[in-house]
Each structure stands twice: as structure tokens, then as C-alpha cells.
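Residue strings, one per chain:
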Amino acid sequence: KPGEQSHPKEPSSSSQCMHLAVVACGDRLEETLIMLKSAVLFSSSRLCFHIFAEDSLKPEFERKLKEWPSSYTKKFESNFYPITFSVGNAQEWKKLFKPCAAQRLFLPVILKDVDSLLYVDTDVLFLRPIDDIWLLLREFNSTQLAAMAPEHEIPKIGWYSRFARHPYYGPAGLNSGVMLMNLTRIRSTQFKNSLIPGGLTWEEMLYPLYQKYKNYITWGDQDLLNIIFYFNPECLYVFPCQWNYRPDHCMYGSNCRGAEEEGVSILHGNRGVYHDDKQPTFRALYEVIRDFPFEDNLFQSLYYPLQSKFLDTVHTLCGRIPQVFLKQIEKTMKKVYENRVIVYLGANHRY
């Protein structure tokens, strides 16, 4: 049946790196570089960056990445792509929501040789190794082909449950700012839909779906993903809120239990909070990672300045729960320290 195909459970092992995709247009160059920096700082496996950017941004991306120390540049490779849309009207896609955001919908079509991929928005920061979220691919059952977090934890105050005029996944919808995808499965699946009685491939479905719902969607490509998984819920793996932690999880009071227990794993600073004074806790994390000198001590030049900055945020609801933001990053830095110092010394010690 459409959408119910059985697939091999394990992702392909042919790739030698973890694939990370981002789409950067307009003024998102710095945000994207800080996101990539957080990925490289904490991850232990090799990374393959897939950067979709306007032509005018590519030279600056390349220049900035080459300035990073060789001890870090050897941990990743960068691949650049122009903004392209394989079906429909390119200008319509570009204007769907934020500039070029709809590009993420076309990743399975463009990256034909990539088996699995983590897509993130430019305003994301990794507070633990990508290796850890990458392992969630192994938890997919035979029909799941993508993973996202809910848009809201409390449906009665959620945007989709109150205002959406189109179908959406689950009781509160999905947030697409962090999306783990098995591209091989996506390419081979026939998706149930509201267009025809039979199934459609991912590429066949995108533009007709947009045409049907374009007068009803507010959040662009995220709404289209919600519509797709409304009709194909068996295809989605839902991961908890600490993997896509946003201001909504603390600005009205703490409502992400996973982050309270384990700490924030991936920080998503939507609403522009890295660049204004509305959520200083989020801005503090962004600025500390931005300003961290690559070769310095993580605790001395990142963790301690972060603690100091957090003292100035206690007047906000997010700032009153610093342990939520600090717990995972402290654990991660200890692990990085052990890998770089203790293991290295142990391997070279002469008895």
C-alpha cells in the first residue's frame, strides 16, 4: 500500500561521514558558520557539509571555512550547491516563506547519492555531538523515513491546534528546523496524499500539494511537511523536544521535560533571538560559541564565560533554568576533553 513499504532497518554503511545540510540565503552567513562551528567542535566522527547558498555567499563561506585551524578542517568536507527547484515555479518556491527555505523539500531529489542526512536551519546550535542524533536512524522501524520534533508540547496553546487551516501531524504539528532523513527511503516510497487515490513519489507530490494548499499555509515548507506526514504518519519518527529546543519551551515556563532531565541537545534560536534582547539566554550561547577561539580550552574559554553571561539572564523565565542549557554541553565538553587529552596522553605514555 502507498506509504507502507517495508525497508531495510539499518541506514546504508557506504557513507564514511555524517551528512549535514543547511540552506543559507540573505544575511544568514554568520549564523550558518556558527552552526557549523558548533557541529565541528563537539562531533567525533567525520562530517560532510552540504551547503545550499546563493551564489554571492559561496566565496565568503569558502574563505571563512579555510581560516579554521587544520585540526578542525580535517574533520569535515564542504559541498556547495546553488538554490534550485526541480519542479514547479522557482520564484514561487523562493517566496514560500523565508528566502530559499523551501530548498529543504528538494534534498532527496538533489542529493541522489546520499543515503541519510540531517537537515538543520541556520539558527541551530549543537550542544552535543551530531553522532548522538545520527544514532536515531537506527531506531527507525521498517516504515519510518524521517524524524522531527513536535511544534508544541502543549496542544491547547499550540499554533497548529489553534490556527492551522490545513492538515497537520499529530495533536500539535511538527517543527522542521531539525530534520533527520533517510533519503533512500524517501526516494523509494509512494506517499498517500489528498491529490489522487493512488500514491505519489516525493518529487511528484511537492508542487501539486503546494498548489492545493498555498492559500492556507502560513509557515511555508514546514506546513507542507506537516500535510505530508498527516497523510503518512507511519513514515515519521518523532524525537523529543531536547533535540529541537526553542524559546517556546521556556519563555512561558519550562515545558520540555526531556531538556529538564537530560539538558538541551540541539538549540534552535528561531524568532531571531540570537540577535535581539528578547531571550538573552539563547543569545548568550550563540555569542559564546561565536567568540570561542578554536584552539583554546573549552572550559576556560567557552563554559565559564557562558556561566558568567547566564547570571545576567535570571530576570527571564528561560534564564531561571540555566541547568537546562548547561547540563548537556558540560557533559559534551568533558567527553571532548577526555578524547583530546586523556586518551591522547594514555596512547603516548611510556612506562
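On a predicted model such as this, the values are computed, not experimentally measured, just so you know.

1. Here we look at helix H13 (residues 298–310)
Taking 1.5 Å as the rise per residue, H13 with 13 residues should run 18 Å; its terminal C-alpha atoms sit 17 Å apart, in good agreement. Of the residues making up H13, those classed as buried are Leu 298, Phe 299, Ser 301, Leu 302, Tyr 303, Leu 306 and Phe 310. Capping the start of H13 is the job of one residue whose side-chain oxygen sits 2.9 Å from the backbone nitrogen of Phe 299: Asn 297.

2. So, the nonpolar core
Core analysis: the largest hydrophobic core is formed by 74 residues, its most contacted members being Leu 20, Leu 118, Phe 126, Tyr 245, Leu 267 and Phe 325. Examining the composition of this core, we find that nine residues originate from one element, helix H1 (residues 29–42), more than from any other. Built from parts of two domains, this core gets at least three residues from each of domain 1 (18–239) and domain 2 (242–349). When neighbours within four sequence positions are excluded, Leu 118 is seen to be in contact with His 19, Leu 20, Ala 21, Phe 126, Ile 130, Ile 133, Trp 134, Val 178, Met 179 and Leu 180. Core analysis: the second largest hydrophobic core is formed by 42 residues, Cys 25, Phe 85, Trp 93 and Met 148 among them.

3. Observations concerning the domain arrangement of the protein chain
Taken domain by domain, the protein chain consists of domain 1 (18–239) and domain 2 (242–349). Computed over C-alpha atoms only, the centres of domain 1 and domain 2 are separated by 23 Å. Every contact between the two is made by 33 residues of domain 1 and, on the other side, 33 residues of domain 2. Taking both partners together, domain 1 and domain 2 bury about 3100 Å²; carbon and sulfur atoms supply 63% of that area. By the criterion of area lost to domain 2, the three top residues of domain 1 are Leu 125, Leu 127 and Arg 128, representing 24% of everything that side buries.

4. A look at the environment of Phe 106
Within the secondary structure layout, Phe 106 lies in the loop between helix H4 (90–94) and helix H5 (107–110). For Phe 106, a relative accessible area of 0% corresponds to the buried category. For the pair Phe 106 and Asp 55, spaced 51 residues apart in sequence, the C-alpha separation works out to 18 Å. If sequence neighbours within four positions are ignored, Phe 106 has contacts with Phe 85, Ser 86, Val 87, Trp 93 and Leu 206.

5. Points about the side chain of Gln 279
Inspection of the secondary structure puts Gln 279 in the loop between strand S9 (266–268) and helix H12 (280–291). Residue Gln 279 is classed as buried on the basis of its relative accessible area of 9%. When near neighbours in sequence (up to four residues on either side) are disregarded, Gln 279 contacts Pro 247, Met 251, Val 273 and Cys 318.

6. Considerations on the packing of aromatic side chains
Two descriptors summarise a pair of aromatic rings, namely the distance from one centre to the other and the angle between the planes of the rings. Taken as a whole, this structure holds 23 aromatic pairs when the rule is applied. Taken together, a centroid distance of 6.3 Å and an interplanar angle of 15 degrees make the contact between Tyr 245 and Phe 282 stacked. In this pair, Tyr 245 sits in the loop between strand S8 (236–238) and helix H11 (257–262) while Phe 282 sits in helix H12, placing the two residues 37 residues apart along the sequence. Take Tyr 245 and Phe 282: they sit in the same class, and that class is buried. Connected via pairs of aromatic rings, a cluster forms that spans Phe 49, Trp 68, Tyr 72, Phe 76 and Phe 294. Sitting over the ring of Phe 294, Lys 37 keeps its end group 5.0 Å from the ring centre.

7. Overview of the pattern of salt bridges
Counting across every chain of the model gives 16 salt bridges. Here Arg 271 makes a salt bridge to Asp 248, at a shortest N to O gap of 2.5 Å. Of this pair, Arg 271 sits in the loop between S9 and H12 while Asp 248 sits in the loop between S8 and H11, placing them 23 residues apart in sequence. Of the charged contacts, one joins Lys 309 and Glu 287 as a salt bridge, the two residues approaching to 3.1 Å between their closest N and O atoms. You can see Lys 309 sitting in helix H13 and its partner Glu 287 sitting in helix H12, a full 22 residues away along the chain. The partly exposed category is assigned to Lys 309, whose relative accessible area is 30%. Each of the salt bridges in this network shares a partner with another, and the network as a whole consists of Asp 277, Arg 283, Glu 287 and Lys 309.

8. Regarding the confidence of the model for the protein chain
The predicted model of the protein chain averages 90 in pLDDT, with 91% of residues at 70 or higher. Within the model, pLDDT remains below 50 along residues 1–14, and this stretch shows 38 contacts once partners closer than five positions in the same chain are excluded.

9. With respect to the state of the cysteines
What the rule picks out here adds up to four disulfides. The side chain of Cys 17 participates in a disulfide bridge whose partner is Cys 48; the two sulfur atoms lie 1.9 Å from each other. Every disulfide takes its handedness from the sign of the S-S torsion; for Cys 17 and Cys 48 that torsion is -105 degrees, giving left-handed. Residue Cys 17 is found in the segment before strand S1 (18–24), and its partner Cys 48 is found in strand S2 (residues 47–53); the two are separated by 31 residues along the sequence. In this pair, the class of Cys 17 matches that of Cys 48, namely buried. The disulfide partner of Cys 250 is Cys 318, and the S-S distance across this bridge is 2.0 Å. The sign of the S-S torsion, about 90 degrees, decides the handedness of the disulfide formed by Cys 250 and Cys 318: right-handed. With Cys 250 in the loop between S8 and H11 and Cys 318 in the loop between H13 and helix H14 (322–348), this pair connects stretches of sequence that are 68 residues apart.

Each value, and the rule that gives it
Residues numbered from 1 in each chain as written. Predicted model: local features only at pLDDT ≥ 70, side-chain atom pairs only at ≥ 80, totals over all residues. Heavy atoms only, no water. Helix = DSSP H or I, 4+ residues; strand = E, 2+ residues; numbered from the N terminus. Expected span 1.5 Å × (residues − 1). Buried < 20%, exposed > 50% of the residue type's maximum accessible area, 1.4 Å probe, protein only. Polar contact = N/O pair within 3.5 Å; in protein donor to acceptor, adjacent residues only side chain to side chain. Core = buried A, V, L, I, M, F, W, Y, C linked by side-chain atoms within 4.5 Å. Domains from an automatic or database assignment. Contact = heavy atoms within 4.5 Å. Buried area = accessible area lost by both parts, 1.4 Å probe. Phe/Tyr/Trp six-rings, centres within 6.5 Å; stacked < 30°, edge-to-face > 60°. Lys NZ or Arg CZ within 6 Å of the ring centre and 35° of its normal. Salt bridge = Lys/Arg side-chain N within 4 Å of Asp/Glu carboxyl O. pLDDT = per-residue confidence, 0-100. Disulfide = S-S within 2.5 Å.

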